Amino acid sequence: MLELRNVSKRVGKDIHIHPTSLTLQRGTLNVLLGPTLSGKTSLMRLMAGLDRPTEGEILFDGADVTGAPVQKRNVAMVYQQFINYPLLTVYENIASPMRISGADAATIDREVRKAAEILKLTPYLERTPLNLSGGQQQRTALARAIVKKASLVLLDEPLANLDYKLREELRDELPKIFAESGAIFVYATTEPSEALLLGGNTATLSEGRITQFGRTIDVYRRPADLLTARTFADPPLNVASVVRRGGQFMVGGKVLVDVPAHLSAIPDGPVTIGFQPHHLFPAATAHATQPIAVQTAISEIAGSESFIHIDFDGERWVMLARGVHEFDPGLSMQVYLDTRHLMAFDGQGRAIGAPAPVEG
């Protein structure tokens, strides 16, 4: 178990990590989700022992490792920018941590070839990294982390340089690989979709603070505040400032939508509502029947999906629709919101209502 107890990190006058407490269990996958410069890498460096916290304690299985350097911790790290030994073959790059630990030749050979097979590196074992593609070099770094059998595995956006097919395969395989070893698996990403695909637990970060930590699907569906909801939305979360009046959410004295059952306890008055782009539709559905008048801004067609940027009451929304949809800029149209998925936040951005899990 890895425990961060009120850990912070300052460099001069800059605060990289605000006081943070976090507990990660063995055999778990833990995602750090946040935009660039939110503190993901800084937090991982503290976990690894590459940096010492300005304040607070770090414990591993109950032992205080706050001042212990990375060399004295059983940690494996893989970065977005791959790091390999340029003069060693792929085989020797993967084998290097096992040779350092004194493993016998037969064990080394078995584990290296097993990792190479998982990461599709078997044909390249006798090549040096300079004779590999960027994706193959990254897979070599991942294979080295696998054979190290580390207690803590830190992956900082490790799949960003891989092609789509391999990235999808590894997203499925990596958690299984490390969970079997009983390691604590920490994976940093800027992509909400990647966090959802990986599952496990997610900590959302913003400007050096963890805003929420819990099961990935729970953080996504029931964010503690508007900041977390925005962090866990790509395309960006759609929001609207409304007033609850009886059974309706009103904007400018006009009805926007009826108040859904899961938000019925919210008192009358001003509220911020939020919803994901894929819960907005260009035509009425069984659960989205009330029209909302908007004006189109930009249409982006991405294969089987379309991103329609629309303007509503001074807010820019995005509608993510299946299929090809193209609308001229400035077109007045109606869209439909599935209110079963609405989130609600008070004036301080704290969640005051979230949907129960529903299909769709």
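Residues numbered from 1 in each chain as written. Predicted model: local features only at pLDDT ≥ 70, side-chain atom pairs only at ≥ 80, totals over all residues. Heavy atoms only, no water.

Considering the overall build of the protein chain
In terms of helices and strands, the protein chain carries eight helices and 21 strands. Structurally, the protein chain occupies a C-alpha span of about 75 × 45 × 35 Å along its principal axes. When each of the 360 residues of the protein chain is scored for burial, the buried share is 50%. Here the contacts in the protein chain between residues at least 6 apart in sequence split such that 64% fall between residues at least 24 apart. Of the roughly 17100 Å² that the protein chain leaves accessible, carbon and sulfur atoms contribute 51%. Across the protein chain, the centroid of the 36 positively charged side chains sits 5 Å from that of the 39 negatively charged ones. (Helix = DSSP H or I, 4+ residues; strand = E, 2+ residues; numbered from the N terminus. Buried < 20%, exposed > 50% of the residue type's maximum accessible area, 1.4 Å probe, protein only. Contact = heavy atoms within 4.5 Å. Areas by Shrake-Rupley, 256 points an atom, 1.4 Å probe, with all protein chains shown as cover. Lys, Arg positive; Asp, Glu negative; His and termini not counted. Charge placed at Lys NZ, Arg CZ, Asp CG, Glu CD.)

What to know about the sheet that holds strand 10 (residues 209–215)
Across the sheet, six strands lie side by side as 6-7-8-3-9-10; this open sheet has mixed pairing. The open sheet has two free edges, formed respectively by strand 6 (75–79) and strand 10, since each of these has just one partner strand. On average, adjacent strands in this sheet sit at an angle of 15° to one another, irrespective of strand direction. Two elements, strand 3 (residues 29–33) and strand 8 (residues 184–189), share five bridges in a ladder whose sense is parallel. (Pairing = 2+ DSSP bridges. Axes fitted to C-alpha atoms, helices over the stretch in contact; angles between N-to-C directions.)

Considering the packing of helix 2 (residues 90–101) against helix 3 (residues 105–118)
Two numbers describe how helix 2 lies on helix 3: the axes approach to 10 Å, and their chain directions differ by 130°. Between helix 2 and helix 3, the angle falls in the class oblique. Every pair of crossing elements has a handedness; the one defined by helix 2 and helix 3 is right-handed. Side by side, helix 2 and helix 3 meet where Tyr91, Ile94, Ala95, Met98 and Arg99 of the first sit next to Thr107, Ile108, Asp109, Glu111, Val112 and Arg113 of the second. Here the residues of the contact of helix 2 with helix 3 are counted per class, giving six nonpolar, one polar and four charged. (Parallel < 35°, antiparallel > 145°, perpendicular 65-115°, else oblique. Left-handed = near helix turned anticlockwise from the far one by under 90°. Nonpolar A, V, L, I, M, F, W, Y, C, P; charged D, E, K, R; others polar.)

Quick look at helix 1 (residues 40–48)
Along an α-helix, a turn takes 3.6 residues, which lines up residues three or four apart on a common side. Buried within helix 1 are the following residues: Lys40, Leu43, Met44, Leu46, Met47 and Ala48. Positive backbone phi, approximately 95°, marks Gly49, located one or two places after helix 1.

Thoughts on the packing of aromatic side chains
Scanning all chains against the criterion turns up four aromatic pairs. Geometrically, the ring pair formed by Phe312 and Trp317 is stacked, given 4.6 Å between the ring centres and 25° between the ring planes. Across the pair, exposure class does not vary: Phe312 and Trp317 are buried alike. Each member of the aromatic cluster is reached from another via a ring pair, and the members are Phe275, Phe312 and Trp317. (Phe/Tyr/Trp six-rings, centres within 6.5 Å; stacked < 30°, edge-to-face > 60°.)

Some thoughts on the nonpolar core
One finds Ile94, Leu142, Leu155, Leu170 and Leu174 to be the most contacted residues of the largest nonpolar core, which totals 42 residues. Considering each element in turn, this core owes the most residues, six residues, to helix 4 (residues 134–147). Ranked by size, the runner-up nonpolar core spans 25 residues in total, among them Val259, Ile310, Met333 and Leu337. (Core = buried A, V, L, I, M, F, W, Y, C linked by side-chain atoms within 4.5 Å.)

Points about the packing of helix 2 against helix 4
Remark: helix 2 packs on helix 4, axes separated minimally by 8 Å, with the N-to-C direction vectors making an angle of 30°. Here helix 2 is positioned roughly parallel relative to helix 4, judged by the angle of their axes. Considering the relative orientation of helix 2 and helix 4, their crossing is right-handed. Contacts from Val90, Asn93, Ile94, Ser96, Pro97 and Met98 of helix 2 reach helix 4 at Thr140, Ala143, Arg144 and Val147. The class makeup of the residues in the contact of helix 2 with helix 4 is six nonpolar, three polar and one charged.

A short note on unusual backbone geometry
At the junction of Asp234 and Pro235, the peptide bond is cis and its omega measures out at 5° in the coordinates. Locating Pro235 in the fold gives a position in the loop between helix 8 (226–231) and strand 11 (238–245). For Asn6, which is not glycine, the phi torsion reads 50° and is therefore positive. Phi at Lys120 takes a positive value of approximately 60°, unusual for a residue other than glycine. A relative accessible area of 44% means that Lys120 is categorised as partly exposed.

Structural notes on the pattern of salt bridges
Between side chains of opposite charge, pairing is possible as soon as their charged atoms come close. Applying the stated rule across the entire model yields 13 salt bridges. Among the ionic pairs, Asp218 bridges to Arg215, the shortest N-O distance being 3.0 Å. Between Arg316 and Asp311 there is a salt bridge; the shortest N-O distance is 2.4 Å. Among the residues examined, Arg316 registers a relative accessible area of 43% and is labelled partly exposed. (Salt bridge = Lys/Arg side-chain N within 4 Å of Asp/Glu carboxyl O.)

Here we look at the sheet that holds strand 19 (residues 332–337)
Backbone-to-backbone hydrogen bonds join strands into a sheet, with any given pair of strands oriented parallel or antiparallel. Ordered in space as 15-19-16-17-18, the five strands form an open sheet in which the pairing is antiparallel. Unpaired on one side and paired on the other, strand 15 (280–281) and strand 18 (315–322) mark the two borders of the sheet. Note: strand 17 (residues 305–312) against strand 18, eight bridges, orientation antiparallel. Its bridge partner lying in strand 18, Asp311 is registered against Arg316.

Notes on the pairing of strand 2 (residues 14–24)
Sheet analysis places strand 1 (residues 2–11) next to strand 2, joined by seven bridges and oriented antiparallel. Pairing of Val7 across the sheet is with Thr20, part of strand 2. Taken together, strand 1 and the strand that follows it, strand 2, pair antiparallel across an intervening segment of two residues, in which Gly12 is found at a positive phi of about 65°.

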